[in-house]
Amino acid sequence: MHIQNFINGNFQNPLSNDWIPNYNPSSGDVYGQIPNSSKEDVDAAYEAANLAFNRWSQTTLEERSRILLKISELIESNLDRLAKAESKDNGKPLWLAKAIDIPRASSNFRFFANAITQFASESHESIGQNAINYTLRQPLGVVGCISPWNLPLYLFTWKIAPAIAAGNCVIAKPSEVTPMTAYLLAEICNEAGLPKGVLNIVHGLGTTTGQAIVEHSEIKAISFTGGTSTGVHIARTAAPMFKKLSLELGGKNPNIIFADCDYEDMLTTTVRSSFANQGQICLCGSRIFIEASLYEKFKIDFIARVTQLKVGHPSDTETKVGALVSKQHLEKVMSYIDIAKEEGGIVLTGGNKVKVKGYENGYYLEPTIIEVTTDECRVNQEEIFGPVVTIMPFTLEDQVLDMANKVKYGLSATLWTNDLKRTMRLSHKLQAGIVWVNTWLMRDLRTPFGGVKNSGVGREGGFEALRFFTEPKNVCIKY
Ligand code: NDP
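Throughout what follows, the structure given in this document is the object of discussion. Treat the numbers as computed from the prediction; the structure is a model and nothing was measured. (Residues numbered from 1 in each chain as written. Predicted model: local features only at pLDDT ≥ 70, side-chain atom pairs only at ≥ 80, totals over all residues. Heavy atoms only, no water.)

Concerning the side chain of S126
- Residue placement: S126 occurs in strand β5 (residues 123-126).
- Excluding residues that lie within four positions of it along the chain, S126 makes contacts with A131 and N133. (Helix = DSSP H or I, 4+ residues; strand = E, 2+ residues; numbered from the N terminus. Contact = heavy atoms within 4.5 Å.)

Structure follows, in structure tokens:
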């Protein structure tokens, strides 16, 4: 099957007629071709978006909201089809795509359809000067949205929905590794009556298609989610053009467990926060620190639970850990297991590739727990982004806080304790954009989402996203 670009409401081949193979990670087979789009395709997408902008930015909020709600409904009614496509493209269990990825993509549109009708700007009366200031929040124009492969439709729509809700027109690029649901979304947008040119989807490699979007002098903002090194490159390219940037980057998140936690709840959630989506979630708690008095018990129970996780084909309902997204990524994750061994880490369970019957060329890996003796080793400092976690004990609160913060990343942190004072102390001091206490990945779409340090710049979610996709303009009237 050939996926096509979506430009001005039409499906079209790349102008160069150049294609890239699309792999099914669960079998290792090529099952499709995607456009290897060039700068010329991005230029065509820009022309369409720019042409659509005047009209779309003047469309009433009720009308924009109605169309976004329609897209949300259509995602919901296409749940099975979209979930199957996501699972096949990414390797994630089908039940997970059905329960999380696709429902969340629908929620993203529903949320911003409603949020835009409640988005307000400020006014300031200059008392004693007979003047009033009010702030307009105007759309930016044509913006670029670039998303990664781990939560394909979920993160793609997390950017597109607020961008178009705020009145912008979009050029979006999904990861070339997982383009399928973005392609299907385009059909849904046409069916929902989204005017031509408001959303344009250009497929291709990051280094060519993505780069052309970032380099385009007329694209006013880039909302990017992906790796930190790509983020650095994007910032360097976009800064001289004074583009607005939102960068959601990598993480190496601590999961801090105190002996006074609710043990069963913590254990069940820690299995999930370690290995959900094959550990390929930027928010996974990949560094687990356990209070020394609980360490041996936790170690035994955690290993027991993790060895029970079934590694299998994504369509098997019993599968808990599916395939990693690509051969290259599997090799990268495996290389960190070797590094861990060289550094003196002990592989407590996992560490090996898995041959799933009938799908022997798929990219499967056992969920892996590595015991480390120092937080400074590479496996504890560098983002692995796979089903690999480290565990180590701590004795003092200050010691664990220091270890938690002593990485270049600062996306999220999880804390397990029933001590309120400790919760308050640590949540103030943890260097992270998001702190979960006695839970993990509980999301309310109104909250600010993003990281500090090398985990990114800016916040998505709620009104933060609508602020990013609009430009404030102050008007001062003397009366
Ligand atoms: P990459 O940085 O490799 O890619 C992200 C996106 O950027 C892809 O669409 C990619 O295209 C594109 N891209 C690559 N190079 C360029 C370039 N020079 N110019 C413009 N676009 C480019 O990340 P991954 O896809 O490997 O995703 C994994 C990373 O994403 C992890 O580090 C993870 O932590 C992070 N992430 C962060 C989240 C957050 O919210 N903070 C959430 C989810 C993931 P292509 O794939 O086609 O090369």
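That covers the picture; the talk isn't over yet.
Here's the deal with the sheet that holds strand β24 (residues 470-478)
- Pairing is antiparallel across the open sheet formed by three strands, whose spatial order is β5-β6-β24. The two strands at the open ends of the sheet, each matched to only one other strand, are β5 and β24. The average angle at which neighbouring strand axes cross in this sheet is 20°, direction not considered.
- Sheet topology note: the β5/strand β6 (residues 131-139) ladder contains four bridges and is antiparallel. The residue of β6 that forms the bridge with S123 is Y134. (Pairing = 2+ DSSP bridges. Axes fitted to C-alpha atoms, helices over the stretch in contact; angles between N-to-C directions.)

Let's talk about the pairing of strand β12 (residues 254-257)
- Neither face of β12 is left uncovered, since the one carrying P254 and I256 and the one carrying N255 and I257 both have all their residues buried.
- In the sheet, β12 pairs with strand β13 (residues 287-291) via four bridges, with the strands oriented parallel. Across the sheet, residue P254 finds its bridge partner in β13, namely R287.
- The pairing of β12 with strand β20 (residues 412-416) spans three bridges and is parallel. (Buried < 20%, exposed > 50% of the residue type's maximum accessible area, 1.4 Å probe, protein only.)

Let's talk about the site of the ligand
- Neighbouring the ligand are 32 residues; E176, T230, L249, C282 and E383 lie closest to it.
- Relative to its free-state accessible area of 900 Å², the ligand is covered by the protein chains to the extent of 89%.
- For the shell around the ligand, the secondary structure elements donating two or more residues are α7 (206-215), β10 (221-225) and α8 (228-238).
- Counting residues per element, the shell around the ligand draws most heavily on α7, which supplies four residues.
- Among the residues forming the shell around the ligand, the class breakdown is 14 nonpolar, 14 polar and four charged. (Near = heavy atom within 4 Å. Areas by Shrake-Rupley, 256 points an atom, 1.4 Å probe, with all protein chains shown as cover. Nonpolar A, V, L, I, M, F, W, Y, C, P; charged D, E, K, R; others polar.)

Description of the pattern of salt bridges
- Evaluated as defined, the whole model comprises 22 salt bridges.
- Between K406 and D402 there is a salt bridge, with its nearest N and O atoms 3.9 Å apart.
- Looking at D402, the relative accessible area reads 42%, which means it is partly exposed.
- Each of the salt bridges in this network shares a partner with another, and the network as a whole consists of D260, E397, R422 and R425. (Salt bridge = Lys/Arg side-chain N within 4 Å of Asp/Glu carboxyl O.)

Describing the environment of H313
- For H313, the position within the fold is in the loop between α10 (292-307) and α11 (327-342).
- On the accessibility criterion, H313 (15% relative accessible area) is buried.
- Distance in space between the C-alpha atoms of H313 and K92 is 8.7 Å, their sequence separation being 221 residues.
- When sequence neighbours within four positions are dropped, the list of residues in contact with H313 reads S26, T319, V356, Y359 and Y364.
- One polar contact links H313 to S315, side chain to side chain, over a distance of 2.8 Å. (Polar contact = N/O pair within 3.5 Å; in protein donor to acceptor, adjacent residues only side chain to side chain.)

Some words on the packing of aromatic side chains
- By the definition in use, this model includes 10 aromatic pairs.
- Both rings, one in F6 and one in F11, keep their centres 5.2 Å apart while their planes meet at 40°; by these two values the pair is tilted.
- On the basis of relative accessibility, which here comes to 28%, the residue F11 falls in the partly exposed class.
- Aromatic pair F112 and W158: ring centres 5.9 Å apart, planes at 55°, arrangement tilted. Residue F112 is located in helix α4 (residues 94-118), and its partner W158 is located in helix α5 (residues 152-165); the two are separated by 46 residues in the primary sequence. Accessibility assignment for this pair places F112 and W158 in one class, buried.
- Put simply, the rings of F6, F11 and Y183 pair up and form one aromatic cluster. (Phe/Tyr/Trp six-rings, centres within 6.5 Å; stacked < 30°, edge-to-face > 60°.)

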